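# Examining the three-dimensional arrangement
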Amino acid sequence: MRICCLGWGSLIWDPRELPVCSEWQVDGPLLPVEFARQSADDRITLVITPNVRSVPVLWAEIDVDCVHSARSALAEREGISGKFLERSVGFWRRDGETSKHEHAELIGDWALSKEIDGLVWTELKPKIGNSYRTPSTNEVISHLTCLEGLSRSNAKEYILNAPAQIETVNRSAIREQLGWN
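Just so it is clear, the model here is predicted, and its values are computed rather than measured.

Moving on, we come to the layout of surface pockets. Each pocket or cavity is described by its volume, and for the largest pocket that value is around 690 Å³. Taken together, 31 residues make up the lining of the largest pocket; nearest its centre are R37, E78, I80, T122 and L124. Put simply, the parts of the chain that give the lining of the largest pocket at least two residues each are β1 (3-7), α1 (10-13), β3 (33-38), β4 (44-48), α2 (67-78) and α3 (85-88). In terms of residue count, the dominant contributor to the lining of the largest pocket is β4 (three residues). Quantified by volume, the second largest pocket comes out at close to 200 Å³.

Glancing now at the pattern of salt bridges. Counted according to the given criterion, the structure contains 11 salt bridges. Across the pair E97 and R93 runs a salt bridge, and its minimum N-O distance is 2.8 Å. On the basis of relative accessibility, which here comes to 38%, the residue E97 falls in the partly exposed class.

As a further point, take the nonpolar core. Residues L6, W8, L119 and L144 are the most contacted members of the largest nonpolar core, which totals 52 residues. For this core, the element with the most residues is α2, which contributes five residues. Ignoring sequence-local partners within four residues, the contact set of L119 consists of C4, C5, L6, V67, G90, F91, W92, I107, W110 and A111.

Spatial ordering of the open sheet is given by β6-β1-β8-β7, a layout of four strands whose pairing is mixed. The sheet is open, and its two edges are formed by β6 (58-61) and β7 (89-93), each paired on a single side. Ignoring strand direction, the axes of neighbouring strands in this sheet form an average angle of 25 degrees. As paired strands, β1 and strand β8 (residues 118-122) are joined by three bridges and run parallel to one another.

Thresholds applied
Residues numbered from 1 in each chain as written. Predicted model: local features only at pLDDT ≥ 70, side-chain atom pairs only at ≥ 80, totals over all residues. Heavy atoms only, no water. 1 Å grid on protein atoms, 1.4 Å probe; cavity = no way out; pocket = protein on both sides within 12 Å on 5 of 7 lines; lining within 4 Å. Points joined across faces, edges and corners; volume = space filled by probe spheres on them. Helix = DSSP H or I, 4+ residues; strand = E, 2+ residues; numbered from the N terminus. Salt bridge = Lys/Arg side-chain N within 4 Å of Asp/Glu carboxyl O. Buried < 20%, exposed > 50% of the residue type's maximum accessible area, 1.4 Å probe, protein only. Core = buried A, V, L, I, M, F, W, Y, C linked by side-chain atoms within 4.5 Å. Contact = heavy atoms within 4.5 Å. Pairing = 2+ DSSP bridges. Axes fitted to C-alpha atoms, helices over the stretch in contact; angles between N-to-C directions.

In structure tokens:
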């Protein structure tokens, strides 16, 4: 059984305990991702975001025996507790079972074309401060501008290490306004 994980952010350069067993491939499905989530450590991270341009995400095979194990492994890597697993880790299986995600059909069609049996991805929502909504580009820039020390360093590292193909409106604005190239 061939089970894979989609990625677009730190999973690529810092998989930690996620059992990735292949190189990350650059020809993943086109998904609308943006730097639109303020994480617990104040970085602005990439998440699937409504109403933004789609970009090709990455994918890699992971060494698990079933989609359930893949979801658990991804949840652990992302620090997602069990009670949030259903809404925060998406999945697709060749047998037709999938999470309730607006892009699940597109993801499934892509997976079938790659002869993948199961697939998982992170479904964290856009967020700024305590508000679960898509922040404006100005809010993202303002947030990053106010960071200092290690928080600023970690935020910059995340943006600089994001795969080059994840070219978004906010990434361009961050480059232009903060000089993070």
